[in-house]
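Descriptive analysis of the structure
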Amino acid sequence: MQQSNKIKNMVEKDKTMKAVRQHEFGGPEVLVYEDAPIPELNKGEVRVKVHAIGLNPPDWYLREGYKMLPPEWQPKVPFPIILGTDISGVIESVADDIEDFSVGDEVYSMVRFPSYGPSRAYAEYVNVPVSELALKPAGIDHVHTAGAPMSLLTAWQFMIEVGHDEPNPLQPNKHVPVPLEGKTIMINGAGGGVGHFALQIAKWKGAKVIAVASGRQEELLRELGADEFIDYTKTNADEILKDIDLVIDTVGGANTGRFLKILKPGGSLFPIFPLGFSDRDEAEKLGVNVSATQVRSDGKQLSELAALLDQEIIRIVIDSTFPLAQARQAHERAALGHIQGKIVLTVDQ
Ligand SMILES: NC(=O)c1ccc[n+]([C@@H]2O[C@H](COP(=O)([O-])OP(=O)(O)OC[C@H]3O[C@@H](n4cnc5c(N)ncnc54)[C@H](OP(=O)(O)O)[C@@H]3O)[C@@H](O)[C@H]2O)c1
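Everything numeric in this text was worked out from a predicted model, so none of it was measured.

Counting buried positions over the six residues of strand β12 (residues 244–249) gives six, a clear majority of the element. Relative to β12, strand β9 (residues 184–188) is paired through four bridges, and the arrangement is parallel. Within the sheet, the bridge partner assigned to Asn188 lies in β12 and is Asp249. In the sheet, β12 pairs with strand β13 (residues 263–271) via five bridges, with the strands oriented parallel. Of the residues in β13, the one forming a bridge with Asp249 is Pro271.

What follows concerns the UniProt feature "domain: Enoyl reductase (ER)" (unreviewed entry) in the protein chain. Under the present numbering, the feature "domain: Enoyl reductase (ER)" (unreviewed entry) in UniProt falls on residues 26–345. For the annotated span residues 26–345, helix accounts for 23% and strand for 26% of the residues, and the straight-line distance between the end C-alpha atoms is 20 Å.

By a widely used convention, the size of an interface equals the accessible area lost when the partners come together. Taken domain by domain, the protein chain consists of domain 1 (16–150 + 296–346) and domain 2 (176–290). When each unit is reduced to the centre of its C-alpha atoms, the spacing between domain 1 and domain 2 is 28 Å. With 16 residues of domain 1 in contact, the opposing surface of domain 2 contributes 17 residues. Summing the contributions of domain 1 and of domain 2, the shared interface buries around 1400 Å²; its carbon and sulfur component is 61%. Inspection of the region where domain 1 meets domain 2 yields one salt bridge. The shortest N-O distance in the salt bridge between Glu223 and Arg315 comes to 3.1 Å. Remark: the boundary between domain 1 and domain 2 carries eight residue pairs in polar contact (both at pLDDT 80 or more).

A word on the packing of aromatic side chains. If you walk through the whole model with that rule in mind, you get five aromatic pairs. Ring centres of Trp156 and Trp204 lie 5.9 Å apart, and the angle between their planes is 25°; this geometry places the pair in the stacked category. Of this pair, Trp156 sits in helix α3 (residues 149–159) while Trp204 sits in helix α4 (residues 193–204); the two residues are 48 residues apart in sequence, bridging distant segments of the chain. Linked through ring pairs, Tyr61, Tyr66 and Phe273 together constitute an aromatic cluster. For Lys205, the ring lying beneath its charged end belongs to Trp204, and the centroid distance is 4.6 Å.

Time to look at the side chain of Asp59. Mapped onto the elements, Asp59 comes out in helix α1 (residues 57–63). We note that Asp59 is buried and unpaired, the nearest opposite charge coming from Arg120 at a distance of 5.7 Å. Among the polar contacts made by the side chain of Asp59, one reaches the side chain of Tyr122 at a distance of 2.6 Å.

The rules we used
- Residues numbered from 1 in each chain as written.
- Predicted model: local features only at pLDDT ≥ 70, side-chain atom pairs only at ≥ 80, totals over all residues.
- Heavy atoms only, no water.
- Buried < 20%, exposed > 50% of the residue type's maximum accessible area, 1.4 Å probe, protein only.
- Helix = DSSP H or I, 4+ residues; strand = E, 2+ residues; numbered from the N terminus.
- Pairing = 2+ DSSP bridges.
- UniProt positions renumbered as here; feature names shortened; annotations may be inferred.
- Domains from an automatic or database assignment.
- Contact = heavy atoms within 4.5 Å.
- Buried area = accessible area lost by both parts, 1.4 Å probe.
- Salt bridge = Lys/Arg side-chain N within 4 Å of Asp/Glu carboxyl O.
- Polar contact = N/O pair within 3.5 Å; in protein donor to acceptor, adjacent residues only side chain to side chain.
- Phe/Tyr/Trp six-rings, centres within 6.5 Å; stacked < 30°, edge-to-face > 60°.
- Lys NZ or Arg CZ within 6 Å of the ring centre and 35° of its normal.
- Lys, Arg positive; Asp, Glu negative; His and termini not counted.

See below:
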């Protein structure tokens, strides 16, 4: 990847691009496809010509102004803003100090999460700090690749390696993954973005997986390796399971505590969305470890994951695709729930 011809800033500074922006918080209708300035490239960054953009729940949380958080936690952002973190594309230019990536490299990234910056994903061009960048898995197209970054990094950082020493905003202590080999793991919300990757990581590590999702997800989840399937619309998993080693609850929230009683003493509950969990005393009484972390951008981990994706150890399932100009419709699709894998926006080249 040594760069021989250092072509810099091929896009003139004053050129505009198409982007989806919003000028106020609100529902999907606030998303507007319009011209926006191409952000200036800073040291340590490359500019990526975006081919596809993966959607994630923080996109709609930010669109609405994180209204589920207490007011003091809600973001103060300078409008207009651009949403999104997950991209797959081709490097179009590089800053002067970049050595490890070159113009023309096909790359993917989860850009600036959990921090916020002006250059974000729902756009034709995104400037990406190289520490958050990796070469894209060569055998996988941009649409599928764009579905991976946040969901896959979340599953990875919960289950395999946190990968950083930043303070954990969700609990006083660092999240520590637990060994998966030979364990029985229940994954709630197994058909979603994080869930379908968590299932495949657990199977790769030699765990037995009980997948919980709505009935329409059963065929896919069995194909991805689920040993057992529970349709939550018919059966409450917490009423029939016991002696589980690890519960990964991608739905999380206030109801996640119902899974404490199905865990073995010494077992773990990892709520991917832990806000609202209030059963710490019961967890302690039962000897269950409850732990969560917040996903962080990490190019090195995406590099390792590209190998697993290329070897098809982990598959990326696409729920639906929409052109960038139809980001609003993509958010309306997301609001209907029952997402299977990932929703992806495509950018005309
Ligand atoms: N900690 C972090 O850093 C981090 C990072 C990423 C995401 N998250 C959070 O993790 C959560 C999941 O994210 P995601 O991207 O995987 O979302 P997603 O793609 O929307 O997946 C959620 C899945 O849950 C299933 N589901 C809905 N209600 C359910 C229920 N009552 N019981 C079981 N399954 C149910 C849905 O399909 P069916 O109803 O058809 O089964 C869907 O497949 C979100 O709250 C997100 O904010 C946290």
